[in-house]
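Chain by chain, the residues:
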Amino acid sequence: MGNDARKPTIIDVARESGVSIKTVSRVLNGEPYVNRATLDKVMKAIHDLGYHPNMSARTLAGKRSYLLGHLYGDPAGPYTMEIQVGLLNRCRARGYHLLIEEIDYRGQDVERRVRAVLDWLRPDGVVLTAPITDEPRVLSVLTESGIPLVRVTAESGGDTFSSVWIDERQAAAALTRHLLSLGHRRIGLIKGPANHGATERRHLGYRDALAELGIAEDPDLIEHGAFTFPSALPCAERLLSLPEPPTAIFACNDEMAAAVIVVAQARGLSLPGDLSVAGFDDCPIASMTWPPLTTVRQPMRKLGEEAADLLISRLMERPRGDATVPHRLVSHDLVVRASTAPPKAQNPVRRRAKKAG
């Protein structure tokens, strides 16, 4: 067998990246205090050489499984998938494997299910995503087990649990301000499910922006969806059937915003001339609709990467007795596309409603 067939070793990685073997080991073990330039060099060498650490030897030496678990509750839509891609990317880069487990948080045996996952898989740490980031029964079992965890976009927790998040309230306020700046004053809102932390945060941002202009929230303009396309269809129908319908609708995720577009176009409305529509997340569907959606770009893959980084760093600091509970705020962007524009002097939806009356 020629030398080219030999599997690369940690020595090869150190030579390729121009650092010591100890430094490569620190990177592989996810230890803190490795500067970004060094980390990038080592990771490039690992990628170029196709190096894979010996997981069995590492597990025996460090008494770790080198497994991270992702527990999630709602598999539908791109949100969960994109976060998992970010988690997987970072786990691979730092020598961990990712275990994915769906938890039926609506069931009666949530605690038993979570305990079973921990007993069977024995992960070193766990990442939670909404809506189970705020599920008390899940948090209780994980706290009892003493396993390190990081929550993505959690509603509460303070200094009890580490978290990675974007400021959804601020982001929703920025999007609502955009609609207000165009001249819209009757802005419909389609919320998510009540058990999802993002639902209230985005509602509060909408309310904040209205209050800045002294506009009272109109309950008739608030609908309750479920962050799914089908759930938003009747919400859009009801909003557009009001005697004085909104001139703009802010759906609290892109999938529901796409449903609004379908309903509006089925009614013969021109977008954005007759109705402006905005979403949240900047999922792939946001640039596939016609017109393309104005939305908030939530960097879901980045959230996953940051959550894995934070969790692995916590695992390395644990033996040192570090009691701090770190958090990371990830930035968001307002993405303005063709689905929003100033309202017409008289909305044709309103005109038809008046004629019907």
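Residues numbered from 1 in each chain as written. Predicted model: local features only at pLDDT ≥ 70, side-chain atom pairs only at ≥ 80, totals over all residues. Heavy atoms only, no water.

### Details of the overall build of the protein chain
Within the protein chain, the secondary structure is distributed over 13 helices and 12 strands. For the protein chain, the residues scored as buried account for 53% of the 357 residues in total. Contacts in the protein chain between residues at least 24 apart in sequence constitute 72% of all its contacts with a sequence separation of at least 6. (Helix = DSSP H or I, 4+ residues; strand = E, 2+ residues; numbered from the N terminus. Buried < 20%, exposed > 50% of the residue type's maximum accessible area, 1.4 Å probe, protein only. Contact = heavy atoms within 4.5 Å.)

### Notes on the sheet that holds strand β7 (residues 222–224)
Pairing in this open sheet of 4 strands is parallel, and the strands run β7-β6-β8-β9 from one edge to the other. This sheet does not close on itself; its edge strands, each paired only once, are β7 and β9 (276–278). Shown here is a sheet whose adjacent strand axes are inclined to one another by a mean of 15 degrees, direction ignored. Running at roughly 170 degrees to strand β8 (residues 248–251), helix α8 (residues 168–181) makes contact with β6 (187–191), β8 and β9 of the sheet. Docked against the sheet, helix α10 (residues 229–240) engages β6, β7 and β8, running at close to 160 degrees with respect to β6. (Pairing = 2+ DSSP bridges. Axes fitted to C-alpha atoms, helices over the stretch in contact; angles between N-to-C directions.)

### With respect to the pairing of β6
Within β6, 5 of the 5 residues are buried, which leaves the element mostly enclosed by the surrounding structure. The alternating pattern of β6 places I187, L189 and K191 on one face and G188 and I190 on the opposite face, and all of these are buried. As defined by bridge partners, β6 adjoins β7 across 3 bridges and the pair is classed as parallel. Of the residues in β7, the one forming a bridge with I190 is E223. The parallel pair β6 and β7, bridged by helix α9 (residues 197–212), forms a crossover whose chirality is right-handed. (Right-handed = clockwise from strand over helix to strand, strands pointing away.)

### Here's the deal with the packing of α8 against α9
Where α8 meets α9, the axes come as close as 7 Å, and the angle between the chain directions of the two elements is 40 degrees. Taken together, the axis directions place α8 and α9 in an arrangement best described as oblique. Considering the relative orientation of α8 and α9, their crossing is right-handed. Along its contact with α8, which presents E168, R169, A172, A173, T176, R177 and L180, the element α9 presents A198, R201, R202, L204, G205, Y206, D208, A209, L210 and E212. (Parallel < 35°, antiparallel > 145°, perpendicular 65-115°, else oblique. Left-handed = near helix turned anticlockwise from the far one by under 90°.)

### Topic: helix α6 (residues 110–121)
The first and last C-alpha atoms of α6 sit 17 Å apart over 12 residues, in line with the 16 Å expected at 1.5 Å per residue. Within α6, the full set of buried residues consists of V110, V114, A116, V117 and L118. One or two positions beyond α6, positive phi appears at R122, with a value near 50 degrees. (Expected span 1.5 Å × (residues − 1).)

### Some points on the sheet that holds strand β3 (residues 125–128)
The strand order across the open sheet formed by 6 strands is β2-β1-β3-β4-β5-β11, and the pairing between neighbours is parallel. The sheet terminates laterally at β2 (97–102) and β11 (327–329), the two strands that pair on one side only. Along the sheet, successive strands turn relative to each other by an average axial angle of 20 degrees, direction set aside. Bridging between strand β5 (residues 162–165) and β11 involves 3 bridges; their strand directions are parallel. Counterpart to S163 in the pairing with β11 is H327. Contacts from helix α5 (residues 78–93) reach β1 (67–72), β2, β3 and β4 (149–152), with the element oriented near 175 degrees to β1. Docked against the sheet, α6 engages β1, β2 and β3, running at close to 155 degrees with respect to β2.

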